[in-house]
Amino acid sequence: MNKVEQIRSEENDFYSDDALFNFNSWGADLSFRELIDRYENDELIKPELQRRYVWDKVEASRFIDSVLLGLPIPSIFLAKQSNETMLIIDGYQRIMTVFDYVRGIFSADNKVFKLSNTEKINKRWRGKAFSELDDTEQRRIRNTTIHAIIFVQTHPESNDTGMYQVFERINTSGKTLFPQEIRNCVYQGKLNDLLFNLNENKTWRKLFGSKEVDIRMRDMEFILRFFTLKYYNYDDNQKSAISLKKELNVFMGEKTNNTDTKILELRSLFENTIKTAETLFGLNAFHNISKADTTKLVNKFNPTIFDSIMIALSHNMPITMDRDWKKRRIKLLRDEKYQEAISIRTTNIDNIEMRIDLATSYLFGHE
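Please read these numbers as outputs of a predicted model, since none were measured by experiment.

**Q** With reference to specific residues and values, describe the overall build of the protein.
**A** The helix and strand inventory of the protein stands at 15 helices and 9 strands. Per-residue burial over the protein gives 49% buried out of 367 residues. When contacts within the protein are restricted to residue pairs at least 6 apart in sequence, those whose partners lie at least 24 apart make up 74%. Carbon and sulfur atoms make up 46% of the accessible area of the protein, which totals about 18600 Å².

**Q** Got a sec to walk through the environment of Gln 180? Specific residues and values, please.
**A** Along the chain, Gln 180 falls in helix H6 (residues 179-186). A sequence separation of 41 residues divides Gln 180 from Glu 221, and the C-alpha atoms of the two residues are 5.9 Å apart.

**Q** Break down the nonpolar core for me, with residues and values.
**A** In this structure, Trp 204, Phe 227, Phe 270, Phe 286 and Phe 306 are the most contacted members of the largest nonpolar core, which totals 58 residues. Broken down by element, this core gets its largest block of residues, 8 residues, from helix H11 (residues 260-281). Core analysis: the second largest hydrophobic core is formed by 36 residues, Tyr 53, Val 67, Phe 113 and Phe 130 among them.

**Q** Now, about a negative patch on the surface: what can you tell me, with residues and values included?
**A** A contiguous patch of negative charge on the surface is contributed by Asp 37, Glu 40, Asp 42 and Glu 43. Locating Asp 42 in the fold gives a position in the loop between helix H1 (32-40) and strand S2 (44-45).

**Q** Give me the lowdown on helix H12 (residues 303-314), citing residues and values where you can.
**A** An α-helical turn contains 3.6 residues, so any two residues separated by three or four positions project in the same direction. The end-to-end C-alpha distance of H12, which contains 12 residues, comes to 16 Å, matching closely the 16 Å that a straight helix rising 1.5 Å per residue would cover. All buried positions along H12 are accounted for by Pro 303, Thr 304, Ile 305, Phe 306, Asp 307, Ser 308, Ile 309, Met 310, Ile 311, Ala 312, Leu 313 and Ser 314.

**Q** Tell me about the pairing of strand S4 (residues 86-90), residues and numbers included.
**A** By the criterion of burial, S4 is predominantly enclosed, with 5 of the 5 residues buried. As judged from the 4 bridges shared by strand S3 (residues 76-80) and S4, these two strands associate in the antiparallel manner. Bridging from a neighbouring strand, Ala 79 pairs with Leu 87 of S4. Once S3 ends, the chain turns through 5 residues before running back antiparallel as S4, passing Glu 84 with a positive phi of about 75°.

**Q** Report on the packing of aromatic side chains, specifying residues and quantitative values.
**A** Within this structure, the stated rule accounts for 23 aromatic pairs. With 5.9 Å between their ring centres and 85° between their planes, Tyr 101 and Phe 130 make a pair best called edge-to-face. With a gap of 29 residues between them, Tyr 101 in helix H3 (residues 92-103) and Phe 130 in the loop between strand S6 (111-112) and helix H4 (135-143) connect regions that are remote in the sequence. Both residues of the pair, Tyr 101 and Phe 130, belong to the buried class. Ring pairing ties together the aromatic residues Trp 204, Phe 208, Phe 222, Phe 226, Phe 227, Tyr 231, Phe 251, Phe 270, Phe 286, Phe 301 and Phe 306, which thus form one cluster. The residue whose ring lies beneath Arg 218 is Phe 178, and the NZ or CZ to ring-centre distance is 4.6 Å.

**Q** Now, about the side chain of Thr 144: what can you tell me, with residues and values included?
**A** When you line up the elements, Thr 144 lands in the loop between H4 and strand S7 (145-155). Its relative accessible area of 15% is what places Thr 144 among the buried residues. Within the structure, the side chain of Thr 144 is placed 2.5 Å from the backbone oxygen of Arg 140, a separation counted as a polar contact. Leaving out residues up to four positions away in the same chain, Thr 144 has contacts with Leu 30, Ser 31, Phe 32, Val 67 and Ile 73.

**Q** For helix H9 (residues 218-231), give the residues involved together with the corresponding values.
**A** Look at H9: 20 Å from first C-alpha to last across 14 residues, which is about the 20 Å you get at 1.5 Å a residue. Among the 14 residues of H9, 11 are classified as buried, and the element is accordingly described as predominantly covered. All of the buried residues along H9 are Asp 219, Met 220, Phe 222, Ile 223, Leu 224, Arg 225, Phe 226, Phe 227, Thr 228, Leu 229 and Lys 230.

**Q** Talk me through the pattern of salt bridges; I want residue IDs and the actual numbers.
**A** For the structure shown, the criterion picks out 18 salt bridges. Between Asp 260 and Lys 190 there is a salt bridge whose closest N-O contact spans 3.0 Å. With Asp 260 in helix H11 and Lys 190 in helix H7 (residues 190-198), this residue pair connects regions lying 70 residues apart in the sequence. Connected via shared salt-bridge partners are Lys 206, Lys 275 and Glu 278.

Definitions and cut-offs
- Residues numbered from 1 in each chain as written.
- Predicted model: local features only at pLDDT ≥ 70, side-chain atom pairs only at ≥ 80, totals over all residues.
- Heavy atoms only, no water.
- Helix = DSSP H or I, 4+ residues; strand = E, 2+ residues; numbered from the N terminus.
- Buried < 20%, exposed > 50% of the residue type's maximum accessible area, 1.4 Å probe, protein only.
- Contact = heavy atoms within 4.5 Å.
- Areas by Shrake-Rupley, 256 points an atom, 1.4 Å probe, with all protein chains shown as cover.
- Core = buried A, V, L, I, M, F, W, Y, C linked by side-chain atoms within 4.5 Å.
- Patch = residues over 30% accessible without salt bridge, like charges linked within 9 Å, V, L, I, M, F, W, Y side chains within 5 Å.
- Salt bridge = Lys/Arg side-chain N within 4 Å of Asp/Glu carboxyl O.
- Lys, Arg positive; Asp, Glu negative; His and termini not counted.
- Charge placed at Lys NZ, Arg CZ, Asp CG, Glu CD.
- Expected span 1.5 Å × (residues − 1).
- Pairing = 2+ DSSP bridges.
- Phe/Tyr/Trp six-rings, centres within 6.5 Å; stacked < 30°, edge-to-face > 60°.
- Lys NZ or Arg CZ within 6 Å of the ring centre and 35° of its normal.
- Polar contact = N/O pair within 3.5 Å; in protein donor to acceptor, adjacent residues only side chain to side chain.

What follows is the structure, encoded as structure tokens:
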């Protein structure tokens, strides 16, 4: 992601809507037997991809050792969903370690799960698989309880941006999750699946500038950015600026389980628009000009050039090849007002509209 221009005005995008949300929470002691059963029956949902199993064999073995020794285990956080399933907010590594050990396969390498043969593990269990423990020890693992803090958002029921904030603040994994990683966990559904699919679009990968998808999902967030800013109701907003993070959350929350027809429309919109951008402007479609030499392009993907040009193109489809599109784009980039709108206060509503309007004017207006 080092070939993406950083938009400073968006780096510290933070919002809090705590007063708008109501949550109920309660504690419950759940046995690993119950947690395993729930997981196997798809009633306990793991956040996708970035919540992959990350503990190494020694860390996992130490946790099993702690369970066998009867040591206290930290609480987990679960979010109850409207369909009675529960989303794992915090505690996935602990749950999956016991799940893997009981089933006999270690997720990290898909090999037989035997406890590490090191001094960090009690000598009674070193090098042993679950099947090699005696019956009492096996029951001890299955019957060990872990305290779960379960919560549910009661108001508003149809808005999960509060859930996003809970995930963002409670999660205690080894590394801070990026915003799109959290959305991927909270807003699982058809739109989320579509974003993953579109992120592998060959034309998009070329114009973004990387063959490989970003495992932290920052590239996928730009696709969501296009959809969100295209359909945002600018006339129905009393604020001078938006929280882009919040609006991306709102869009995913509202559209995550769209009908198949709506999802197909979004797919077609993005695929047609990104292909048009490549046809008209080439691989540098979303690159800025150099401040030092306006005859040269910066070799970096620019998010605000991307959203303004993509939205302008999408509003004027289909497009013919009857003009010098590259020349028009360069003229757009040399406009001082456009440069200001793509670099300063980029979440200011006037600046969002200005860069879209200028892109439309330069590309589709009369010369």
